[in-house]
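A look at the structure
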Amino acid sequence: MNKRLIAPLALVLLSGALCVRADTPPFAHLQGGEWSYHSVITFTSGVMAGRTATNGWKTCAREGQAGEAAMKPHSASGDASCSVPTRSHDKTGYRSVMTCTTTAQGIPSTIKEDFTLNPGNGGRSFKAHGTVEQRMDVPGMSSRTTQMTIDIDGHRTGACSAD
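Reading guide: rules and limits
- Residues numbered from 1 in each chain as written.
- Predicted model: local features only at pLDDT ≥ 70, side-chain atom pairs only at ≥ 80, totals over all residues.
- Heavy atoms only, no water.
- Disulfide = S-S within 2.5 Å.
- Helix = DSSP H or I, 4+ residues; strand = E, 2+ residues; numbered from the N terminus.
- Pairing = 2+ DSSP bridges.

Considering the state of the cysteines
- Under the criterion given, the structure shown has one disulfide.
- Between cysteine 60 and cysteine 160 runs a disulfide, and the two sulfur atoms are separated by 1.8 Å. Around the S-S axis, the bridge from cysteine 60 to cysteine 160 shows a dihedral of about 100° and counts as right-handed. Residue cysteine 60 is found in strand 2 (residues 52-61), and its partner cysteine 160 is found in the segment after strand 8 (144-158); the two are separated by 100 residues along the sequence.

Shown next as structure tokens:
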């Protein structure tokens, strides 16, 4: 793959995957406090098929916001524009479907996401699983589509530390 595309692809995947809108409703049943997250992205098609990327981070989340907080690190580029998520829930978890557009280093992309989040352990943990399809419209080249799955484990580690 052209080295000019690798860095923007990684940035776009992290910026679009799970992008968050401030006006979306919080995920209920998740306790506030310090949360630790671990994500695994598995590329299932496209030029990166068969590769895996991992990430871990911590954040302080308000009551009911831990699901949203898990998604914020992925909106790194800041230029992602996302549709209002179509969300549904039942007593076992939440589902969110949305489409985002973004441009990283001059490369426009459209990202379609479908995620489920299942809280556990009395609101002190969750598992999220999603599928993402990203189409990059590289100037002067044909569009490139990448599909991936993303799994996120979140665990409340305690009270937020005072700054």
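Some details on unusual backbone geometry
- Residue asparagine 121 is not a glycine yet carries a positive backbone phi of 50°.
- Along the chain, asparagine 121 turns up in the loop between strand 6 (107-120) and strand 7 (125-136).

Here's the deal with the pairing of strand 8
- Judged from the eleven bridges that link them, strand 1 (residues 33-45) and strand 8 form a sheet pairing that is antiparallel. Within strand 8, the residue paired with phenylalanine 43 across the bridge is methionine 148.
- The pairing of strand 7 with strand 8 spans twelve bridges and is antiparallel. What sits directly across from lysine 127, in strand 8, is aspartate 153.

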